[in-house]
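# Observations on chain architecture
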Amino acid sequence: MWSFTRRSQVSPESETAKRAAEKSLQEAQARTPESEAKLRESCRVKEQLKAHNRANAYSDFIEGIVIGRLSDGRP
């Protein structure tokens, strides 16, 4: 078995990400107009992605039926 050791050093990328997340949280908690606008935009984009994913799933479903019928030689 391999012995895995935990890193005692934190990578610079994770520190940068941590600082960005903390700043974002502070802005959201402050309820600044900019953070409210970002939150609304984020929710809007999230809903658009959900709708897009539903449409893609339905399209894939229909495509599967069509390909299945074509491969069976049925009209």
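Structural notes, computed from the coordinates. (Residues numbered from 1 in each chain as written. Predicted model: local features only at pLDDT ≥ 70, side-chain atom pairs only at ≥ 80, totals over all residues. Heavy atoms only, no water.)

## What to know about the overall build of the protein
Filter applied, for reference: In DSSP terms, a helix is any run of H or I states spanning at least four residues, a strand is any run of E spanning at least two, and both are numbered starting from the N terminus. Note on areas: these come from Shrake-Rupley sampling with a 1.4 Å probe, and a residue is covered only by the protein chains present in the view.
Scanning the protein from terminus to terminus reveals two helices and zero strands. Carbon and sulfur atoms make up 57% of the accessible area of the protein, which totals about 7,400 Å².

## Some remarks on the pattern of salt bridges
Test applied: In the sections that follow, a salt bridge refers to a side-chain nitrogen of Lys or Arg positioned within 4 Å of a carboxyl oxygen of Asp or Glu. The buried label applies to any residue whose accessible area, calculated with a 1.4 Å probe on protein chains only, is under 20% of its type's maximum; exposed applies above 50%, and partly exposed to all values in between.
If you walk through the whole model with that rule in mind, you get three salt bridges. Between Arg44 and Glu41 there is a salt bridge, and its shortest N-O distance comes to 2.6 Å. With Arg44 and Glu41 both in helix α2 (residues 33-72), this residue pair falls three residues apart, about one helical turn. Residue Arg44 is classed as partly exposed on the basis of its relative accessible area, which comes to 40%. On the basis of relative accessible area, Glu41 is assigned to the partly exposed category, the value being 37%. The residue Glu47 makes a salt bridge to Lys50 at a minimum N-O spacing of 3.7 Å.

## Regarding helix α1 (residues 12-30)
To keep things clear, this is the line we draw: A helix is expected to span 1.5 Å for every residue after the first.
In a regular helix each residue adds 1.5 Å, so 19 residues correspond to 27 Å; α1 covers 27 Å between its end C-alpha atoms and thus fits that length. Where α1 ends, the next residue or the one after it, Arg31, has phi of about 55°, a positive value.

## Section: a nonpolar patch on the surface
Heads up, the rule is: Each patch is built from residues lacking any salt bridge and having more than 30% relative accessible area; the joining distance is 9 Å for like charges and 5 Å for nonpolar side chains (Val, Leu, Ile, Met, Phe, Trp, Tyr).
On the surface, a cluster of nonpolar side chains totalling about 600 Å² of accessible area is made up of Tyr58, Phe61, Ile62, Ile65, Val66 and Leu70. Mapped onto the fold, Tyr58 is located in helix α2. Take Tyr58: its relative accessible area is 55%, and that puts it in the exposed class.

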